[in-house]
Amino acid sequence: MSPQLARRLDDLRDKIGVQGLRKHRKVGPYELAPKSFDAGPTWEDYLATNPALPGDQPRRIRIYLSELGASKTERESTRRAARREYLALQGIAHEGIVQAEQFSDEHEAGPSVIFRHGADWQRLDHFMAEHGDGLPIETRVEMVRQLAEALDHAHRGQRPPSTSSESPRRAVWT
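Owing to the predicted nature of the structure, the values given are computational and were not obtained by experimental measurement.

1. Let's talk about the environment of Ile 63
Working step 1: Examined against the element boundaries, Ile 63 turns out to sit in strand β5 (residues 59-64).
Working step 2: Once the C-alpha coordinates of Ile 63 and Ala 39 are considered, the two residues, 24 residues apart in sequence, prove to be 9.4 Å apart.
Working step 3: Aside from chain neighbours lying at most four places away, what touches Ile 63 is Leu 32, Thr 42, Trp 43, Glu 44, Tyr 46, His 107, Ala 109, Gly 110, Pro 111 and Ser 112.

2. A few points about the pattern of salt bridges
Working step 1: All told, the structure shown has 10 salt bridges when counted by the stated rule.
Working step 2: A salt bridge links Glu 101 to Arg 116; the shortest N-O distance between them is 3.5 Å. Of this pair, Glu 101 sits in strand β6 (residues 100-104) while Arg 116 sits in strand β7 (residues 112-116), placing them 15 residues apart in sequence.
Working step 3: Classification of Glu 101 by relative accessible area gives partly exposed; the value is 26%.
Working step 4: The class for Arg 116 is partly exposed, based on a relative accessible area of 28%.
Working step 5: If you follow the salt bridges from partner to partner, you end up with Asp 45, Arg 60, Arg 62 and Glu 85 in one network.

3. Quick notes on the packing of aromatic side chains
Working step 1: Counted according to the given criterion, the structure contains one aromatic pair.
Working step 2: Ring centres of Tyr 86 and Phe 103 lie 6.3 Å apart, and the angle between their planes is 45°; on these two criteria the pair is classed as tilted. Here Phe 103 lies in strand β6 and Tyr 86 lies in helix α2 (residues 72-89), a separation of 17 residues in the sequence.
Working step 3: Judged by its relative accessible area of 25%, Phe 103 falls in the partly exposed class.
Working step 4: Taking the ring centre of Phe 115 as reference, the NZ or CZ of Arg 60 above it sits at 4.1 Å.
Working step 5: Geometry around Trp 43 places Arg 62 over its ring, the cationic atom sitting 3.8 Å from the centre.

4. Observations regarding the pairing of β5
Working step 1: A large share of β5 lies buried, amounting to six of its six residues.
Working step 2: By the alternation rule, side chains of β5 split into Arg 59, Ile 61 and Ile 63 and Arg 60, Arg 62 and Tyr 64, which are all buried.
Working step 3: Two elements, strand β4 (residues 43-49) and β5, share six bridges in a ladder whose sense is antiparallel. The partner of Trp 43 across the bridge, within β5, is Tyr 64.
Working step 4: Strand direction decides the pairing type here: β5 and β7, joined by five bridges, are antiparallel. Of the residues in β7, the one forming a bridge with Ile 63 is Ser 112.

5. Topic: α2
Working step 1: In this model α2 runs 26 Å from its N-terminal to its C-terminal C-alpha over 18 residues, within 8% of the 26 Å that 1.5 Å per residue would give.
Working step 2: Of the residues making up α2, those classed as buried are Thr 78, Ala 82, Glu 85, Tyr 86 and Leu 89. Around the axis of α2, the buried residues are gathered within 100° of arc, so they sit on the same side. Opposite its buried face, α2 presents the exposed residues Lys 72, Thr 73, Arg 84 and Ala 88, each directed more than 90 degrees away.

6. Section: the side chain of Gln 122
Working step 1: Assignment of secondary structure puts Gln 122 in strand β8 (residues 121-123).
Working step 2: Taking the relative accessible area as the measure of exposure, Gln 122 reaches 14% and is therefore buried.
Working step 3: Within the structure, the side chain of Gln 122 is placed 2.9 Å from the side chain of Glu 130, a separation counted as a polar contact.

7. Some thoughts on the nonpolar core
Working step 1: Counting 12 residues, the largest nonpolar core consists of Tyr 64, Ala 82, Tyr 86, Leu 89, Ile 92, Ile 97, Val 98, Ala 100, Val 113, Phe 115, Trp 121 and Ala 150.
Working step 2: Every element with two or more residues in this core is listed here: α2 and β7.
Working step 3: Element by element, the count of residues in this core is highest for α2, at three residues.
Working step 4: When residues no more than four places from it in sequence are discounted, the contact partners of Leu 89 are Ile 97, Val 98, Ala 100 and Phe 115.
Working step 5: Counting residues in each nonpolar core, the second largest holds nine residues, with Ala 48, Ile 61, Ile 63 and Leu 65 among its members.

Conventions used here
Residues numbered from 1 in each chain as written. Predicted model: local features only at pLDDT ≥ 70, side-chain atom pairs only at ≥ 80, totals over all residues. Heavy atoms only, no water. Helix = DSSP H or I, 4+ residues; strand = E, 2+ residues; numbered from the N terminus. Contact = heavy atoms within 4.5 Å. Salt bridge = Lys/Arg side-chain N within 4 Å of Asp/Glu carboxyl O. Buried < 20%, exposed > 50% of the residue type's maximum accessible area, 1.4 Å probe, protein only. Phe/Tyr/Trp six-rings, centres within 6.5 Å; stacked < 30°, edge-to-face > 60°. Lys NZ or Arg CZ within 6 Å of the ring centre and 35° of its normal. Pairing = 2+ DSSP bridges. Expected span 1.5 Å × (residues − 1). Arc of directions from axis to C-beta. Polar contact = N/O pair within 3.5 Å; in protein donor to acceptor, adjacent residues only side chain to side chain. Core = buried A, V, L, I, M, F, W, Y, C linked by side-chain atoms within 4.5 Å.

Below, the structure written as structure tokens:
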């Protein structure tokens, strides 16, 4: 199955009235939303909640897709990529970089990485596409400075300077 077809599968199943299998809608204690909210050529992101902790912050679960007909070598390559992303983010604590909390091999579609995800968080590129034209130049320059700080922090392992106030909306780098 191609990644493009995998992304459309929920819509196609809804059209013909077929429900997905419940076991494929969970990763660990987290129940996945019925549809992915973001996708790339080799992954899909799902919003997920833990029904045992109703007030808990939602999570973003990135599932790295393995083709159903993929060889064992290809599936292992996908697993290594997911594991690399998870391990690369360990130890990085910066408000502009999402935190990877867990790695899982249990989803049938492929391995997954579980990230913290605020209900109102938005990817930086999506935020800029939606609001960028209306931002004053000073705000854009400050965002570039913050992005540079986050990248420097990620590559050097330094603690970010503390900020006195936090915006209620948050654009994050994923």
